[in-house]
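Summary of the model geometry
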Amino acid sequence: MMLVTDQMTGLTVKPESALETTLRGSVLVLIQFDVCEEIRLDRLREIAGARTLERISSKHQSPGYVRYQRPPVVDPIDPLVLESGEQLRGEIKYYDYGVLSLVFELPFSGDWDTLVKLASRWVWDVDFEKHASRIARKCLEQAAPALVKPYKEWLSEDYFIFHVRDVAGSPSAAELVEAQGARIAQIVRGETATLSEGERNEVMQARISYYPNDLTVIGWNSAFLYDTAAGAETAIQLLEYANSQLLEFRHYDELLTRELDGVYKFLDKGTGFLTRWKLAQAASKLHTVLLDVAELTEHADNAIKFLSDMFSARLYKLAAARIGVPDYKDLVQEKLTAAEDLYRFMVDQFHQSRAFVLELMVVVILIIDLVFLFRGK
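Predicted model only: the values in this text are computed from it and were never measured. (Residues numbered from 1 in each chain as written. Predicted model: local features only at pLDDT ≥ 70, side-chain atom pairs only at ≥ 80, totals over all residues. Heavy atoms only, no water.)

Observations regarding the confidence of the model for the chain
Our working definition: The pLDDT value expresses, per residue, how confident the predictor is, ranging between 0 and 100. Residue contacts are counted whenever heavy atoms from the two residues lie within 4.5 Å of one another.
Summary statistics for the chain give a mean pLDDT of 82 and a share of 79% for residues scoring 70 or more. Within the model, the stretch residues 1–21 combines pLDDT values under 50 with 45 contacts to residues more than four positions away or in other chains.

Shown next as structure tokens:
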């Protein structure tokens, strides 16, 4: 096979025809729901007899690895059959901070154009959330005793992972980016049309490799993996965890928004004497919410630990940044700060009202004493 050296980059690449004849891999769909405040995993294991995912696999053989603080419970689910006839095998994960994660997988083989079209159809045209919601509600009928404070309405997140295990010619990551970077960008964006050079470069900036022959490209709604099945497991699990974090921070953001709106409406009524006297109850409720959100946020934020596995830590940081976890985390922190300021203001107003009442009582008692004194009693 003739090799071609690119004069701009100095990379030696195989001709494009050698790289696009055959692809083999899997397409994974992650659908997650925030269903309750907490899931008692011990109770769930008793009910369902499901296994525990002890730790996230490591990309490389080393003493360090990624460990769950409270490992999720994993259970297989019935295959999902789409209207097109495609049949996806699946599993469900229960995270202790109240998130359900359903993962569906479909083996794939074909060429690059076929994968580009499949990515676009699955990202934009197939309503996986509807199918996943039906399956999740069925699973929760059995798991209900393990749920703490279930929510009536669920927030959801979806994410797509296009995992290519084998490419004809076994190119390196650099060769694959050079020859197929445009198509990889289309797959990550879910687009069938050719992207502009600027958009393609923006997509390909979010790539990371550990070995010369593996590649991960992460987008806000989907990711492209070129790796062995064992090697890709790290990225898949970290992408799943990052999306569950995004879901939790979205929930906290909406919760704090509702609470702050309620406080502002309460304060809009004025700060008269009677209103100030009622501030204690409102402030106590707000403080309870603050403590709950702070505790649950820390819980979700520290659900996994990176023990000397710096590549996994960098991979997670890239994934979290791409899907928007830091943005929502900052929103939550800003609203927590605003809520704390409101809490202190409400407490100060209440204390002023209480001090006024106490001073008034002292004056009344003094007047009564003076009246009795002048009457000679």
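Back to the text.
A short note on the pairing of strand β7 (residues 73–81)
Our working rule: Two strands form a pair only when DSSP identifies at least two bridges running between them. Comment: elements are numbered from the N terminus, with helices defined as DSSP H or I runs of at least four residues and strands as E runs of at least two.
Pairing of β7 with strand β8 (residues 87–94), which is carried by 7 bridges, proceeds in the antiparallel orientation. When the sheet's bridge partners are listed, V74 is paired in β8 with K93. If you look at the hairpin formed by β7 and β8, you'll find 5 residues sitting between the two strands, and G85 has a positive phi there, around 95°.

Quick notes on the environment of V164
For the record, the criterion: Only protein chains enter the area calculation, which uses a 1.4 Å probe; residues under 20% of their type maximum are buried, those over 50% are exposed, and those in between are partly exposed.
With respect to the helices and strands, the residue V164 is situated in strand β10 (residues 147–167). Residue class for V164 comes out buried when judged on its relative accessible area of 2%. Here V164 is in contact with L23, R24, G25, L115, F224, L225, Y226 and D227, once residues within four sequence places are set aside.

Here's the deal with the pattern of salt bridges
Selection criterion: A side-chain nitrogen of Lys or Arg and a carboxyl oxygen of Asp or Glu constitute a salt bridge if their distance falls within 4 Å.
Scanning the entire structure with this criterion turns up 14 salt bridges. E240 is the salt-bridge partner of K93, the closest N and O atoms lying 3.0 Å from each other. Linking K93 in strand β8 with E240 in helix α7 (residues 229–268), this pair joins segments that are 147 residues apart in sequence. Per residue, the accessibility class of K93 equals that of E240, and both read buried. Put simply, R189 and E199 hold a salt bridge, and the shortest N to O gap is 2.6 Å. Residue R189 is found in helix α5 (residues 173–189), and its partner E199 is found in helix α6 (residues 197–204); the two are separated by 10 residues along the sequence. The class for E199 is partly exposed, based on a relative accessible area of 29%. A cluster of three or more residues bridged by salt bridges with shared partners is formed by R189, E199, E202 and R322.

Details of the packing of α7 against helix α9 (residues 310–323)
Which entries qualify depends on this criterion: Here an axis means a line fitted to C-alpha atoms, over the contact stretch when the element is a helix, while the angle between two N-to-C directions is reported on a 0 to 180 degree scale. Throughout, the term roughly parallel applies to angles under 35 degrees, roughly antiparallel to angles over 145, roughly perpendicular to angles from 65 to 115, and oblique to all others. When the near helix sits turned anticlockwise from the far one by under a right angle, the crossing is termed left-handed; a clockwise turn instead gives a right-handed crossing.
Close contact between α7 and α9 brings their axes to 9 Å; oriented N to C, the two are set at 45°. As the angle between them shows, α7 and α9 are arranged oblique. Handedness of the crossing formed by α7 with α9: right-handed. Between α7, through T234, A235, L238, L239, Y241, A242, N243, Q245 and L246, and α9, the contact on the second element is made entirely by S312, L315, Y316, A319, A320 and I323.

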